[in-house]
Amino acid sequence: MTAPASSDADLIAAHAHGDPHAFSELVRRHRDRLWAVALRTMRDPEEAADALQDALISAFRAASSFRAESRVTTWLHRIVVNACLDRIRRKQSRPTVPLPDTGPGEPASPRDAIAEQDTRLAVQDALAALPEEQRAAIVLVDVEGYSVADTARLLGVAEGTVKSRCARGRARLAKLLGHLRNHGAVANVPSDAVGDRQRRDREGR
């Protein structure tokens, strides 16, 4: 059985060489963090669970291709983020969206609730239209709230690359979502979907 003290890299190598316990130990170590990333990205426990399962299957199959160019945790996080983005993109083919739960009685502003749902769908459509590298940067920095430095480590690229991808992605989103300003949007991108970008920029994130 794999020794508990093995490093993440050792576990990946052992798994690639046929150790039946190595991958399970790796998942045990990092599942909580991976789950948190999936849940923040998908914002739906069922979708997050499916995305995490997809990601773990992909990691299980791709372990032999791991080249230790980044940390194992970075590699795993990247796979989870990509799995989430793939699910977001696939959801665009499902036009039926359940209305939010309103509890007993009628919602105070039913039109506002429907408008918010429409806005979320518009943001998902716009994110899906971005190139993958821009989409990943936007999701991590603007949706999940990671700093530029953390995102760079997560994606295995330079901080300047993250900033460039975010800038290009935000410019594209501004065009795709510009019509939301006509519906009372405060900014080109709704704050509940991509966070308070200006605040983070002032803080150096």
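Refer to the structure above for everything that follows.
Described in the following lines is the structure provided in the data block. It should be emphasised that the depicted structure is a prediction, and the values quoted were computed from it without experimental measurement.

Description of the overall build of the protein chain
A tally of regular secondary structure across the protein chain gives ten helices and zero strands. Seen in sequence order, the protein chain has helices and strands lined up from the N terminus as α-α-α-α-α-α-α-α-α-α. Here the protein chain holds 205 residues, and the buried ones make up 39% of them. A fraction of 61% describes how many contacts in the protein chain between residues 6 or more apart in sequence connect residues 24 or more apart.

What to know about the packing of helix 4 (residues 72–91) against helix 7 (residues 148–155)
At a minimum axis separation of 7 Å, helix 4 and helix 7 run at an interaxial angle of 90 degrees. The angle between helix 4 and helix 7 falls in the class roughly perpendicular. On helix 7, the residues touching Thr74, His77 and Arg78 of helix 4 are Arg153, Leu154 and Leu155. Here the residues of the contact of helix 4 with helix 7 sort into two nonpolar, two polar and two charged.

Regarding the pattern of salt bridges
For the coordinates displayed, the defined rule picks out seven salt bridges. For Arg28, the salt bridge is made with Glu25, and the minimal N-O distance between the two is 2.8 Å. With Arg28 and Glu25 both in helix 2 (residues 22–42) and three residues apart, this pair spans about one turn of that helix. For Arg28, a relative accessible area of 58% puts it in the exposed group. For Glu25, a relative accessible area of 15% corresponds to the buried category. Notably, a salt bridge pairs Asp54 with Arg87, separated by 3.2 Å at the nearest N-O pair. Here Arg87 lies in helix 4 and Asp54 lies in helix 3 (residues 45–62), a separation of 33 residues in the sequence. The buried category is assigned to Arg87, whose relative accessible area is 11%. Overlapping salt bridges, with partners in common, bring together Asp8, Glu25, Arg28 and Arg29 in one network.

Here we look at helix 2
For helix 2, which comprises 21 residues, the first-to-last C-alpha distance of 28 Å matches the rise-based estimate of 30 Å (1.5 Å per residue) to within 8%. Of all the bends in helix 2, the largest measures some 60 degrees and sits at His30. Its buried side turned inward, helix 2 meets helix 1 (8–16), helix 3, helix 4 and helix 6 (132–143).

As for helix 8 (residues 159–176)
The terminal C-alpha atoms of helix 8, which comprises 18 residues, lie 25 Å apart, in line with the 26 Å expected from a rise of 1.5 Å per residue. Along helix 8, the residues that are buried comprise Val162, Arg165, Cys166, Gly169, Arg170 and Leu173. Around the axis of helix 8, the buried residues are gathered within 135 degrees of arc, so they sit on the same side. Every exposed residue of helix 8 that faces more than 90 degrees away from the buried side is listed here: Lys163 and Lys175.

Quick notes on the rules
Residues numbered from 1 in each chain as written. Predicted model: local features only at pLDDT ≥ 70, side-chain atom pairs only at ≥ 80, totals over all residues. Heavy atoms only, no water. Helix = DSSP H or I, 4+ residues; strand = E, 2+ residues; numbered from the N terminus. Buried < 20%, exposed > 50% of the residue type's maximum accessible area, 1.4 Å probe, protein only. Contact = heavy atoms within 4.5 Å. Axes fitted to C-alpha atoms, helices over the stretch in contact; angles between N-to-C directions. Parallel < 35°, antiparallel > 145°, perpendicular 65-115°, else oblique. Nonpolar A, V, L, I, M, F, W, Y, C, P; charged D, E, K, R; others polar. Salt bridge = Lys/Arg side-chain N within 4 Å of Asp/Glu carboxyl O. Expected span 1.5 Å × (residues − 1). Bend = angle between axes of the 7 residues up to and from the residue. Arc of directions from axis to C-beta.

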